[in-house]
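Observations on the three-dimensional arrangement
Each chain, written out:
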Amino acid sequence: MNRQQLIQLIKEKKSFLCVGLDTDPKRIPVHIQKKYPDDPVFAFNRMIIDATIGAAVAYKPNLAFYEAGGSKGWISLEKTMAYLAEHPEGPVFTIADAKRADIGNTSLQYARAFFEHLGFDAVTVNPYLGHDAVKPFLAYKGKWAIILALTSNPGSSDFQVLQPQLPTLLEKLGIKTCYWKKLFELVIEESCKWGNPENTMFVVGATHPDMLDQVREIIPDHFLLIPGVGTQGGDLHQIAEKTLTKDAGILVNVSRAILYASKNEDFSEKAKGVAMHYQQQMQEILTAKNYPV
Ligand code: OMP
């Protein structure tokens, strides 16, 4: 799906909600596990998709949850992707949350797996290996690399907000005359040159509202994938205020708060309720700004 199609989808559905399919077999309601013993993961995903597709523009299966199940998990993922591709209420934007990237020829195989074999629109990638590790993902027309910039987890403070060019000697001498960029800013500044706003997005956690202005200053036009709303506590209105653009320009991911809204027979009803609640807030936010224009 290209950028124009994604913007159109956001406009039509009045939503920038991405439902994260982080399907933990242990959290699937017992009645589903009993009814579909061969593949409860796919059965659960199918019902979650049916319940939420009216409210969502994107789905993001996190690969960890499928790889953990070995070949059975991979089959559940293939079936989920086929189901999304053929859904009568589609199309939707699909993201493989795989956080990959390696030396060039290895990245190429990852790109083949996610784009050609599984048919995803986008893959989350780690920028640490540099441009040649990400380039293979950018070589596919209509597909996207989503580069990890500022992650939502507590450990993001270990490296991502360090100020690497900080000359400690100058600091010690009390010379603090300029703004020292943080590592994530340098990462965005450099990696946004590898592709363009048509094929590159950035991951920015909703748990860092204070740093979102800096992100938008460097990349005013790129789409952002923003996880961390829901269970991790990010505030939808706060992040939208700082990151929304005239093209909308953001996808906000919610996983556990939707998937596990209930562990009973009403799980898909409850999931639908939570997804609709987010969609309604998004609709209000978009309508207030009259975005996407
Ligand atoms: P919930 O906290 O349950 O909504 O899940 C968040 C999802 O987003 C998980 O699949 C995470 O792996 C993913 N995620 C983050 O939570 N933080 C990040 O910084 C990046 C991601 C991601 O790349 O999607």
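Relevant structure appears above.
Residues numbered from 1 in each chain as written. Predicted model: local features only at pLDDT ≥ 70, side-chain atom pairs only at ≥ 80, totals over all residues. Heavy atoms only, no water.

A few words now on the sheet that holds strand β6 (residues 200-204). The strands making up a sheet are joined through hydrogen bonds of the backbone, oriented either antiparallel or parallel. Taken together, the 8 strands give a closed barrel; going around it, the order is β1-β2-β3-β4-β5-β6-β7-β8, and neighbouring strands pair in parallel fashion. Ignoring strand direction, the axes of neighbouring strands in this sheet form an average angle of 30°. Packed on one face of the sheet, helix α3 (residues 40-52) meets β1 (17-21) and β2 (58-61) and runs near 170° to β1. Sheet strands in contact with helix α7 (residues 131-138) are β3 (93-100), β4 (122-125), β5 (144-150) and β6, and its direction is about 140° off that of β5. (Pairing = 2+ DSSP bridges. Helix = DSSP H or I, 4+ residues; strand = E, 2+ residues; numbered from the N terminus. Axes fitted to C-alpha atoms, helices over the stretch in contact; angles between N-to-C directions. Contact = heavy atoms within 4.5 Å.)

A separate point is the pairing of β1. Burial runs high along β1: 5 of the 5 residues are buried. Judged by which residues are buried, β1 turns out to be covered on both faces: Leu17, Val19 and Leu21 on one side and Cys18 and Gly20 on the other are all buried. The pairing of β1 with strand β8 (residues 250-254) spans 3 bridges and is classified as parallel. Residue pairing for β8: Val19 is matched across the bridge by Val254. (Buried < 20%, exposed > 50% of the residue type's maximum accessible area, 1.4 Å probe, protein only.)

This paragraph deals with the packing of α3 against helix α14 (residues 267-289). Packing of α3 against α14 leaves a shortest axis separation of 8 Å and a crossing angle of 40°. The orientation of α3 relative to α14 falls into the category oblique. Handedness of the crossing formed by α3 with α14: right-handed. Counting all contacts with α3, which are made through Phe44, Met47, Ile48, Ala51 and Thr52, the residues of α14 involved are Phe267, Ser268, Ala271, Lys272 and Ala275. Of the residues assigned to the contact of α3 with α14, the class counts are 7 nonpolar, 2 polar and 1 charged. (Parallel < 35°, antiparallel > 145°, perpendicular 65-115°, else oblique. Left-handed = near helix turned anticlockwise from the far one by under 90°. Nonpolar A, V, L, I, M, F, W, Y, C, P; charged D, E, K, R; others polar.)

As a further point, take the site of the ligand. Among the 17 residues in the neighbourhood of the ligand, the closest are listed as Asp22, Asn62, Ser152, Gln232 and Arg256. Here a nitrogen atom of the ligand and a side-chain polar atom of Ser152 are 2.6 Å apart. Protein contacts shield 90% of the accessible area of the ligand, which totals 510 Å² for the unbound molecule. For the shell around the ligand, the secondary structure elements donating two or more residues are β3 and β8. Each residue belonging to the shell around the ligand can be placed in one class, and the counts come to 5 nonpolar, 7 polar and 5 charged. (Near = heavy atom within 4 Å. Polar contact = N/O pair within 3.5 Å; in protein donor to acceptor, adjacent residues only side chain to side chain. Areas by Shrake-Rupley, 256 points an atom, 1.4 Å probe, with all protein chains shown as cover.)

The final tally for this structure, using the stated rule, is 7 aromatic pairs. Centroid distance Phe44 to Phe267: 5.2 Å. Interplanar angle 15°. Geometry classified as stacked. Here Phe267 lies in helix α14 and Phe44 lies in helix α3, a separation of 223 residues in the sequence. A residue is classified by how much of its surface remains accessible, and Phe44, at 0% relative accessible area, is buried. Seen in terms of ring centroids, Phe115 and Phe137 are 6.4 Å apart; in terms of plane orientation they differ by 85°. Their pairing is edge-to-face. Taken as a pair, Phe115 in helix α6 (residues 104-117) and Phe137 in helix α7 lie far apart in primary sequence, 22 residues in all. (Phe/Tyr/Trp six-rings, centres within 6.5 Å; stacked < 30°, edge-to-face > 60°.)

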